[in-house]
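Each chain is listed here by its residues.
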Amino acid sequence: MGTLDDWVAAACTELGLDPSTAEVPVVLDLARDVAHQVLRPGAPVTAYLLGIAVGRGADPAQAARRLAALARSWPPPDGPAASDAAG
């Protein structure tokens, strides 16, 4: 088991969640898309919003696909330093 797996298992235990329900690859792919297409600080915020949506009954994979598509369609920042300045 790697460090990420250990962390997810510990975090799930702390929160009373079943680690088998953690959609780690889905969340990481979404975070990557947001960080690269929108801005880096948007990645954890979007992961949080995904968690809220899933907590309210959304399908994790479907919600992540919708958010990833939104991120991929997002207009690029104004300049190369735009993502650094925002974060």
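Residues numbered from 1 in each chain as written. Predicted model: local features only at pLDDT ≥ 70, side-chain atom pairs only at ≥ 80, totals over all residues. Heavy atoms only, no water.

## Some points on the overall build of the chain
Now for step 1: In terms of helices and strands, the chain carries 5 helices and 0 strands.
Now for step 2: Written out in order from the N terminus, the α and β elements of the chain read α-α-α-α-α.
Now for step 3: In the chain, which comprises 87 residues, the proportion classed as buried is 17%.
Now for step 4: Across the chain, the fraction of contacts at a sequence separation of at least 24, relative to all contacts at a separation of at least 6, is 52%.
Now for step 5: Accessible surface for the chain amounts to roughly 6200 Å². Of this, 61% is attributable to carbon and sulfur atoms. (Helix = DSSP H or I, 4+ residues; strand = E, 2+ residues; numbered from the N terminus. Buried < 20%, exposed > 50% of the residue type's maximum accessible area, 1.4 Å probe, protein only. Contact = heavy atoms within 4.5 Å. Areas by Shrake-Rupley, 256 points an atom, 1.4 Å probe, with all protein chains shown as cover.)

## A few points about a nonpolar patch on the surface
Now for step 1: A contiguous nonpolar patch, built from Val-45, Tyr-48, Leu-49 and Ile-52 and spanning about 380 Å² of accessible area, is present on the exposed surface.
Now for step 2: Its relative accessible area of 30% is what places Ile-52 among the partly exposed residues. (Patch = residues over 30% accessible without salt bridge, like charges linked within 9 Å, V, L, I, M, F, W, Y side chains within 5 Å. Salt bridge = Lys/Arg side-chain N within 4 Å of Asp/Glu carboxyl O.)

## Focus on the side chain of Asp-33
Now for step 1: Note that Asp-33 resides in helix H2 (residues 24–37).
Now for step 2: On the accessibility criterion, Asp-33 (11% relative accessible area) is buried.
Now for step 3: A polar side-chain atom of Asp-33 sits 3.2 Å from a polar atom in the side chain of Arg-32.
Now for step 4: Apart from residues lying up to four places away in sequence, Asp-33 is in contact with Val-38, Ala-68, Ala-71 and Arg-72. (Polar contact = N/O pair within 3.5 Å; in protein donor to acceptor, adjacent residues only side chain to side chain.)

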